[in-house]
Each structure stands twice: as structure tokens, then as C-alpha cells.
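# An overview of the molecular structure
Here's the letter readout for the chains.
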Amino acid sequence: MDPLDFLELEEMLRFLHCNKTEISCMENPVIFLCKLKDYNLIPIDRFKKVSRMKKIEKGLYDILDWFEEKNSEHIKLFWKCAFKETVLSHNPKLQMLRKSLMDGSYHFDTQLPEKVETEDNSEKEKTEHSEEEERQENSVKKKRKYSKSICDEEDEQPGPSGLSTSAQKKSKKICFTPPMKKGEKGEIWTWPLYKSQLPVTCGQVTGTLQRDKLAKGEKCILANKQWFAPGEFERFAGKQSYKNWKLSIRCGGTPLGKLIKEGHLKTVAYKGGNKKAKKKLFSLEEATTESEKEEDDKENQDSSSDEPTTDEEEAEEQMVQQSEAGLSNTKVFKVTCGGLAGTLHKKRFASGTLGKSIRTETSWMTPVDFCKESGLTNVSWKKDIRWDGKPLSALMEAAILEIHSPLCDCRLCKPGPEDLENEKNDDECCICKNEEEDQELVVCEECPRSFHQKCHLPHVDDIILNDDSPWLCTFCVFRANHVCLDQLEVNVVMSQQISQHMMQCQYLLLCLRSADEEQMFSPNPMGYLANYNTSIKSPMWLGKVTEKLQQKQYQTVGEFVSDVQLIFANCVTFNRRNPEILAIGNQLRELFDSEFKKAFNIQDQ
């Protein structure tokens, strides 16, 4: 689609008039000028004159000024040249201008002041009079004018001696930024010119950073005609040893991490320089849980009509009721295919073969891969994958799931190597269920789990994080190293030193914290429950047990188990009149008891 087809000639001319400065500051003006010359839009003598300039930006602005005044009837051809692929690929500024026309962010209804060729006589006399007084008062400073920055010289009005100072004018360096006010710092990231992009360097490699792409977590740095994510740009520059692009990539000598910390740049948590720090692909929103959806469905079914209907009418009515109950807000769906079960995440869904949207206990996979994993050979994933007893196609017919267009170029449909790597693991921490933007996730190489460094047991140190060797979580390490032990009695296990069974205890605690979906038992209950101290004399919570285990405060396995059992005992004491919380506590206690027997091979008595 060509955005020029929707614009009048007057609008195209106004678009040029308001963006001459942006165009004149483009990175590769020679290619653009050559294209204008090829289409006979500018005189050859002007082209040759500007091409010989050492700094051709000012000359480019003059050419644009001339074109607007003398050759405006060819404005549509001008923009067609500007938006040619050979020109766009080398000039991000022109790409941004075209994008503003495509997405409608540029508004043509802005009223501009009337163009003024000369000053009003009275105002001109006042200006000249004030300038004369300034010249008399600052005669000594006048001798030093040519040692100042060109930004100060550009503000001065040309005097009668302008023709005799041509030699001095040749040594001027052209500056396209406004003069600095007294006391103002010269950070270029605050200049209006760099509102949408910034020049950045990493080692000896230079590039252009697009602010909006950085804020969205997309590939945001253009260098050598390629787009890079920050980590990729760091490796492209040969600085992968830093393993921290926020330090290695700089703008005007200042690390990007400092600009992000001070609020000059916005970003999501990108994947770091190594392959373990995982960036978040999606920001999770508040979602209707599966249990809430089921309750809503029951209420709708109770209130449904008693009139006899056919199976098709009943199914259609049920789908309408579910949609009315907020089904469109549900982000996670429990699905099955044969004997295989998993959860489908709406944010990750693109099509049957694109977007690893279904998570099983062992991995993330596409809908087609999910069907193949279940043992099916002739795959028809829309029918074979079932949700709530209905085929997955029912969600598509209800516009709950949408298959992406074949022309879609999002990170799910056209993923890069880094995106494919990130699809292998969860987007939130397995323990705390959060994906804070300022914290990176550590991903397991064996299973789909992700963790914050301090949520995992043992904690993941920066030294381990920066190591290039594969990293496995405690769940995977335990299952890989858990050998069949001789059957033991509970009393024997309780008396043994915890140092000999640290991995089993860490595994048990991670199982509890991961199963605590609502995070009821992890934080200190005295922080959010009134009168808790009056009922409970010895408070204990999973976070406290985690801290004591990490700091090696337990001597025996029995001391560790005693604190865990204290949590469940306190839950029973405090929640006698709250059967819902009691049920959750009992589920966690039963989980701990069963996993404890498996971990230590306890014989049943």
C-alpha cells in the first residue's frame, strides 16, 4: 500500500515543508540526492555543488528549499523517490516519515503561521538598535567570536563585513542543534533532534538506536544496514565478553544503562549477553483464571432456558454464554490432545506451526508439534486439540483465538535466532509468578522453567549466570541425580545432617513455592493479616524457610521439616472459619508429604 495514494498534492507539499530539517539531517544524503538527480528533480549544477561540500547537510536543506519554491508541481514524484527502497534502507529518518504516513500518526490539520518574508519595519529598527548597543558594549568580546562554537555564530545576523570574511566562514563547522542556554548541559539525548533515535557506539562500531523499538523490546539498533537487538549489537561489535549491553553500548560516552536508570530511555528486560538471561516476550495482563471461567459458565448454564433445543443450537448458545462471561479476557486455556495435556497461552499463539503457545510439563511447542507429541500422524490440529470438550476451532470461530496473517512480521511469525531461543522457556518466574521488567529471568536448559536469581534454590550468582556452560534448575538436577536409596524410616531421616541432603530439601521447598499459585504461604503473614500475632505465637512462612535454608541455619533434616509443618499447623489454627484457605493448606501439606517420601525413599508404616 502506497501512502501517497491517499494524500492531496497540497498535503504532500506541506509534509515536505514541515520535515525539511529532518530530511536534511539524514545519515546518507548522497544516495537521496542521486535519486533526485536521476529523476531530473534538481538542477545538475546544484547537485554538483552540494556533492563537493565536506558537510552537505546545509546544502541539502537549500536544495529542499529550492524545490519547494521552484519545482513543487513534482511533489508526488519527489516523495516517490524518497520512499524508494534503495533510499529508505540507508535512512532511518525517511523510514520514520513514511511510517508516520502509514499509521496515521502525522496530522495534516495543524495550522501553521503565515509565512513572513521580512520583518516589520518598526520591529526591525528596534532590533537593529538593540544590536548596535550590544556591539558597542561587547566590542572586546567581538574579537573572540570566531573561536566560539558555530551554534553561537548562527544566531548572529550577518553584517556588512560578511563578504570579506569568506575565508573565516569556510572553517566553520555546521551545527543543526539549537544553541545551549546558560547552565544547560549538552546531553544529546535531551535534544529535540534525537527525540526518536540516538547515535550509539559499541567499541569501534557505530549505529542508530530507535527509542520506540527499544521500549517495545524489538530489534532497535541499525548498523551496517542490519537491525540488531542490543545483545546482538554487542556481539556484532566484538564486545560479547562484557555480557552486559547496558554497559558496553554507549551514547556520547554514556552507557545506556545510565540513561535507562535516569529515565531518558525506556526498555523491557532484554535477553542479556549470555544465553541464560531471558528477555520477556510478552507483558502478562490480569487474566480471568480457568476456575473463575468455569464458575461463570455454571451460572450461565443455570440461568439458561429450559426449552428443548438441538445439539447444534445448544452448543451455539453455550458459546455465546461463555463469551458473555468474559471468555475473551481469558489468557490461558487448558487443552488436551489424546492422552497429552497442556496449557495454551493466547499471547504466544500465531498459527498451527508458528508460535510455541502450548506448554507441557517438559517443553513449549506449537499446536502441530503438540499433536505429534501425542502420537497422532495425520494431524488436524484445529480438531484434534480439545478445550473444555470442544475442538480448538471453536475458539477461533468465536474470535477468541486469531490466526496471524501470512504477511505478519511479528516476532512470532518471523522470529530471529534470539526469539526462537526465548520461546523455549516461560515468560514468568516459576516461583513468584512475576515477570518484573527490571529483573532478568534465568532459564533452564533442560525444562521450560524460568527463575529470578533470588527465587531459585540455591540462588543463582552472577558468576554462574555469566558462565557459558549449560545451566540446569534444581528440579532437573534432582531428577537426574536421584538414585534409588535403601528404604529408610522417618526417624532415621530426621536425625541425619541436612548438609548430606541439601538438594532434596531445596527440591521440596521449590515444589511448595511453585505450587503456591496465589503466593499465600510465601510472604510474612504478619505483613497483611490483622491480629495474626494474637493467634499465632510462632509465625513461619515459606520465604523464611527459604532464607534459613539458603543461609545454612538448619543442622538436621528434622529442623527443616519442623518449620515446614509449623506453617501448615499455623494455617489450621488461624483459618478455622475459612474452609477455602484450609483446603489450599491441606493440598500443599499433602504435596509435601508425598514428595518427602519420594525424595528420601521413606517406607510406609
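Residues numbered from 1 in each chain as written. Predicted model: local features only at pLDDT ≥ 70, side-chain atom pairs only at ≥ 80, totals over all residues. Heavy atoms only, no water.

### Overview of the nonpolar core
Within soluble globular proteins, side chains that are nonpolar generally end up buried alongside one another. Core analysis: the biggest nonpolar cluster contains 48 residues, and Leu549, Phe560, Phe592, Phe596 and Phe600 have the highest contact counts within it. Of all the secondary structure elements, the ones that give two or more residues to this core are strand S14 (441-443), helix H24 (474-481), helix H26 (502-515), helix H28 (542-550), helix H29 (557-574) and helix H30 (579-600). Ignoring sequence-local partners within four residues, the contact set of Phe600 consists of Leu488, Val493, His501, Gln504, Cys505, Leu508 and Val557. (Core = buried A, V, L, I, M, F, W, Y, C linked by side-chain atoms within 4.5 Å. Buried < 20%, exposed > 50% of the residue type's maximum accessible area, 1.4 Å probe, protein only. Helix = DSSP H or I, 4+ residues; strand = E, 2+ residues; numbered from the N terminus. Contact = heavy atoms within 4.5 Å.)

### Observations regarding the pairing of strand S8 (residues 332-337)
Burial along S8 is one-sided: Phe333, Val335 and Cys337 are buried, and none of Val332, Lys334 and Thr336, which face the opposite way, are. Note that S8 and strand S9 (residues 340-345) share six bridges and pair antiparallel. The residue of S9 that forms the bridge with Cys337 is Leu340. Of the strand pairs in this sheet, S8 and strand S12 (residues 386-387) are connected by two bridges, and their pairing is antiparallel. Residue pairing in the sheet places Val335 in a bridge with Trp387 of S12. (Pairing = 2+ DSSP bridges.)

### Points about unusual backbone geometry
A cis geometry characterises the amide bond from Leu457 onward to Pro458, with omega recorded as -5 degrees. Of note, Pro458 is situated in the loop between strand S15 (450-451) and helix H23 (462-465). Phi is positive for Lys225, close to 65 degrees, though the residue is something other than glycine. Among the secondary structure elements, Lys225 is positioned in the loop between strand S3 (221-223) and strand S4 (226-228). Judged by its relative accessible area of 61%, Lys225 falls in the exposed class. Of note in the backbone geometry, Asn531 takes a positive phi value of approximately 60 degrees without being a glycine. Counting through the fold element by element, Asn531 comes out in the loop between H26 and helix H27 (532-535). For Asn531, a relative accessible area of 58% puts it in the exposed group.

### Examining the confidence of the model for the protein chain
Atom-level detail of predicted coordinates should not be read off regions where pLDDT is low. Chain-level pLDDT for the protein chain is 77 on average; 73% of the residues reach the 70-or-more range. Predicted confidence is poor over residues 271-276, with pLDDT under 50, and the contacts of this stretch with residues over four places away or in other chains come to 31 contacts. (pLDDT = per-residue confidence, 0-100.)

### Concerning the packing of aromatic side chains
Counted according to the given criterion, the structure contains 17 aromatic pairs. An aromatic cluster is defined as three or more aromatic residues linked by ring pairs; in this entry it consists of Phe15, Phe32, Phe67, Phe78, Trp79 and Phe83. Residue placement shows Lys37 over the ring face of Phe47; its charged tip is 5.3 Å from the ring centre. If you follow Arg449 out to its NZ or CZ, it ends over the ring of Phe475, 4.2 Å from the centre. (Phe/Tyr/Trp six-rings, centres within 6.5 Å; stacked < 30°, edge-to-face > 60°. Lys NZ or Arg CZ within 6 Å of the ring centre and 35° of its normal.)

### Observations concerning the pattern of salt bridges
Scanning all chains against the criterion turns up 12 salt bridges. Put simply, Glu218 and Lys213 hold a salt bridge, and the shortest N to O gap is 3.9 Å. Within the structure, one salt-bridge network assembled from shared partners comprises Lys20, Asp65 and Glu68. (Salt bridge = Lys/Arg side-chain N within 4 Å of Asp/Glu carboxyl O.)

### What to know about the environment of Tyr39
Here Tyr39 is to be found in the loop between helix H3 (29-38) and helix H4 (44-51). For the pair Tyr39 and Cys81, spaced 42 residues apart in sequence, the C-alpha to C-alpha distance is 8.0 Å. Every residue in contact with Tyr39, bar those within four places of it in the chain, is listed here: Leu77, Cys81 and Lys84.

### Concerning the pairing of S9
Taken together, S8 and the strand that follows it, S9, pair antiparallel across an intervening segment of two residues, in which Gly338 is found at a positive phi of about 65 degrees. As defined by bridge partners, S9 adjoins strand S10 (residues 358-359) across two bridges and the pair is classed as antiparallel. Bridging across to S10, Thr343 finds its partner in Arg359.

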